[in-house]
Structures are given as C-alpha cells and as structure tokens.
Amino acid sequence: MAQFFFYASAALLFLFVLAVVYGAICDVTSYTIPNRVSYGILLLFVPYAIIHWAAMPVLAHVGYGLVTTIICIVFWQLRWFGGGDAKFVGAISFWMGPPKILIFVLLLAVISIAFVAILRFVRQWNFFVQAGAAPNVVKNMVQKASENAIPYGLPAALAARVADADLILTVGRRIERQLRILAGRRPAVVVAPEQCHE
C-alpha cells in the first residue's frame, strides 16, 4: 500500500509539473492560460494533500494559497495582472506551502521584473526585431510588450520549478531507488552445467 501511495504521489507531481509547463507555453504563444489548466492544477492538489495529510501542513498550504490568490485578484483588479495569470499563480501557490511560498513569491517578483525590463528594453528596436530572423515567439513577445502585454505565466512557471526543485529531485531519487530494488529482486538466470562447456 505504501508503494501505491508513493507512485500515486509521484504521478500527481508529474502531472502538476506538466500542467505548469503547459500553462507557461500557452501564455507565451497565445497570451491566454486556459481555465482548465489552472483549475486542473488546483484539483491535482486535492488528492496530493490527502495522500500527504499526516506529513504535510495541508491547512498552511491552503491558507497561503488563498492569501496569494486574493493578492493576485487585487493585482488583476489594478490591471497589473491578467485574469488567467492571477488564477495560474494562485493555483500554483497551493502547492508551495511554507517555507516554499516565500521563495516562490520572491522568485516570481524578481523574474517578472527582469522579464519585463528585458522586453521593454528590446521593444525599442521592435522594427528590427520584426524584420529580423528571430523566432516568431520572440517577435510576438516584443510586439506585445509594446502594447504593455506581458505573459507572466512564464516567470510563474520558472519560479515554481526552482522553488519546488528539491521535492522533484527527492521523488526522482526515490523512484530510482525503487527501480533498483525491483531490479535486484529479479530471479537470477540459472545456467545448466552442460551449457557452460558449450
């Protein structure tokens, strides 16, 4: 049963990472994050929290997640954030919890400021960027930056991955150990004596 919960937890974590990456890609390419991505990230947290109820401060995760979501809604009302960005960041924050929520928020702020500064600096040469050989994604981001549209989903995904990197590495090592244990339990191949002299 313990192995079942471990692999279920690893699967949920993998889906969480996949959803965050997908949300960032959607934001960069279309400047929208589908609601199903943000709601999916939040729904994935429910079984993950149930599995880790005894070992994880679930209520603290929920509390910090709600506070972060409320702050994001305020930013959206002030037009500092898009609605999709607010929901995306809010959903991710439920997974962080103490003390990772502080790391996540600080990284999100630093990466976002750097990201915005770079885009606003480059947009001065928007004409040359559009006429050049840069990838269409880059051209689109620079063009949108001139319209004050920023895909905050990318900084949010990067911040989440760095803040949660230790958990991902820990799960990866445990999976590796489990696979080695399973490999060690394989029955040895018995070679008949006459086969050794062939």
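Residues numbered from 1 in each chain as written. Predicted model: local features only at pLDDT ≥ 70, side-chain atom pairs only at ≥ 80, totals over all residues. Heavy atoms only, no water.

Considerations on the overall build of the protein chain
Here is step 1 of the chain: Secondary structure assignment for the protein chain yields ten helices and zero strands.
Here is step 2 of the chain: Looking at the 198 residues of the protein chain, the share that counts as buried comes to 35%.
Here is step 3 of the chain: Counting every atom, the protein chain has about 12,000 Å² of accessible surface; 71% of that belongs to carbon and sulfur. (Helix = DSSP H or I, 4+ residues; strand = E, 2+ residues; numbered from the N terminus. Buried < 20%, exposed > 50% of the residue type's maximum accessible area, 1.4 Å probe, protein only. Areas by Shrake-Rupley, 256 points an atom, 1.4 Å probe, with all protein chains shown as cover.)

Re helix α2 (residues 35-51)
Given 3.6 residues per turn, any residue in an α-helix points the same way as the ones three and four places further on.
Here is step 1 of the chain: For α2, built from 17 residues, the straight-helix expectation of 24 Å at 1.5 Å per residue is met to within 8% by its first-to-last C-alpha distance of 25 Å.
Here is step 2 of the chain: Considered for burial, the residues of α2 that qualify are V37, S38, I41, L44, F45, Y48 and A49. Here the buried residues of α2 occupy an arc of 140° about the axis, which is enough to place them on one side. Across from the buried face of α2, at angles greater than 90 degrees, the exposed residues are R36, L43 and I50. (Expected span 1.5 Å × (residues − 1). Arc of directions from axis to C-beta.)

Some points on a nonpolar patch on the surface
Here is step 1 of the chain: Side chains of I70, V74, L78 and W80 sit close together on the surface and give an oily, nonpolar patch of about 410 Å² of accessible area.
Here is step 2 of the chain: Relative to the elements of secondary structure, I70 occurs in helix α3 (residues 58-77).
Here is step 3 of the chain: The exposed category is assigned to I70, whose relative accessible area is 52%. (Patch = residues over 30% accessible without salt bridge, like charges linked within 9 Å, V, L, I, M, F, W, Y side chains within 5 Å. Salt bridge = Lys/Arg side-chain N within 4 Å of Asp/Glu carboxyl O.)

Examining helix α5 (residues 100-122)
Here is step 1 of the chain: The terminal C-alpha atoms of α5, which comprises 23 residues, lie 32 Å apart, in line with the 33 Å expected from a rise of 1.5 Å per residue.
Here is step 2 of the chain: Within the sequence span of α5, burial applies to K100, I101, F104, L108, S112, F115, V116 and L119.

Some points on the packing of aromatic side chains
Here is step 1 of the chain: The tally for this structure, following the rule as stated, stands at seven aromatic pairs.
Here is step 2 of the chain: With a centroid separation of 4.2 Å and 15° between ring planes, the pair formed by F16 and W95 is classed as stacked. In this pair, F16 is assigned in helix α1 (residues 2-30) and W95 in helix α4 (residues 83-96), connecting sequence segments 79 residues apart. Here F16 matches W95 in class, with each residue buried.
Here is step 3 of the chain: With 6.3 Å between their ring centres and 55° between their planes, F45 and F94 make a pair best called tilted. Note that F45 is positioned in helix α2 and F94 in helix α4, a separation of 49 residues in sequence. By the burial criterion, F45 is buried, and F94 matches it.
Here is step 4 of the chain: Cluster of aromatic residues (ring-pair linked, three or more members): F16, F45, Y48, F94 and W95. (Phe/Tyr/Trp six-rings, centres within 6.5 Å; stacked < 30°, edge-to-face > 60°.)

Some remarks on the layout of surface pockets
Here is step 1 of the chain: The calculated volume of the largest pocket comes to roughly 410 Å³.
Here is step 2 of the chain: What lines the largest pocket is a set of 18 residues, among which I71, F75, F81, L108 and A109 lie closest to the centre.
Here is step 3 of the chain: For the lining of the largest pocket, the elements supplying multiple residues, two or more each, are α3 and α5.
Here is step 4 of the chain: Examining the composition of the lining of the largest pocket, we find that eight residues originate from one element, α5, more than from any other.
Here is step 5 of the chain: By residue class, the composition of the lining of the largest pocket is 16 nonpolar, two polar and no charged. (1 Å grid on protein atoms, 1.4 Å probe; cavity = no way out; pocket = protein on both sides within 12 Å on 5 of 7 lines; lining within 4 Å. Points joined across faces, edges and corners; volume = space filled by probe spheres on them. Nonpolar A, V, L, I, M, F, W, Y, C, P; charged D, E, K, R; others polar.)

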